[in-house]
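Fold and geometry: a report
Chain residues, written in single-letter form:
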Amino acid sequence: MVTYEQIFEAFCRFAASRDQSDWCDLWILCQLRMEALVKTKAKKLAVPLSHEDIEDLITDSTMRVMRKLQTAADVDPGYISKTFWFENYTAFQTFNQYHKHIRREEEFVKILNELF
């Protein structure tokens, strides 16, 4: 499993060089770490997520982390750990809100179909 220290080292390489290949290395490490977080959290859910939903959550969470790292000024492994947790939490919240909205719309359509 990828550690936050490994991500920090990759971030330092990217911050020093600003090279595209270092950015890609950082992305891959972040995605692998986020995959572990998302899958661990998804196992605890009462309703299992589809493979596509899990992949979407991994990608969304990773993009959110990368945006934060791109603009971060004072980064250490602790900051990276907190960022991963928060962005994972935010991606799950966004996912849940979206699906709640979809369920409400489906219920509304069902009611309309019953009335007409």
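Everything numeric in this text was worked out from a predicted model, so none of it was measured.

A separate point is the overall build of the chain. Within the chain one finds four helices and zero strands. What you see in the chain, going N to C, is helices and strands ordered as α-α-α-α. Here the C-alpha radius of gyration of the chain, 18 Å, is well above what a compact globule of 116 residues would show, namely 13 Å. If one aligns the C-alpha atoms of the chain with their principal axes, the spans along those axes are about 65 × 25 × 20 Å. Expressed as a percentage of its 116 residues, the buried residues of the chain come to 31%. In the chain, the proportion of contacts linking residues at least 24 apart, taken out of those at least 6 apart, comes to 69%.

Another aspect to go through is a nonpolar patch on the surface. On the surface, Phe108, Val109, Ile111, Leu112, Leu115 and Phe116 cluster together into a nonpolar patch covering about 650 Å² of accessible area. Within the secondary structure, leucine 115 sits in helix α4 (residues 77-115). For leucine 115, a relative accessible area of 61% puts it in the exposed group.

We now examine the pattern of salt bridges. Should the charged atoms of two oppositely charged side chains come close, the side chains can pair. If you walk through the whole model with that rule in mind, you get two salt bridges. As a salt-bridge pair, glutamate 35 and lysine 39 come within 2.8 Å of each other at their nearest N and O atoms. With glutamate 35 and lysine 39 both in helix α2 (residues 20-43) and four residues apart, the pair spans about one turn of that helix. For lysine 39, a relative accessible area of 35% translates into the label partly exposed.

Let's shift gears to unusual backbone geometry. Of note in this structure, arginine 18 is not a glycine but carries a positive phi near 55°. Here arginine 18 lies in the loop between α1 (4-17) and α2.

Cut-offs used in this document
Residues numbered from 1 in each chain as written. Predicted model: local features only at pLDDT ≥ 70, side-chain atom pairs only at ≥ 80, totals over all residues. Heavy atoms only, no water. Helix = DSSP H or I, 4+ residues; strand = E, 2+ residues; numbered from the N terminus. Rg over C-alpha atoms; globule rule 2.2 N^0.38 Å. Buried < 20%, exposed > 50% of the residue type's maximum accessible area, 1.4 Å probe, protein only. Contact = heavy atoms within 4.5 Å. Patch = residues over 30% accessible without salt bridge, like charges linked within 9 Å, V, L, I, M, F, W, Y side chains within 5 Å. Areas by Shrake-Rupley, 256 points an atom, 1.4 Å probe, with all protein chains shown as cover. Salt bridge = Lys/Arg side-chain N within 4 Å of Asp/Glu carboxyl O.

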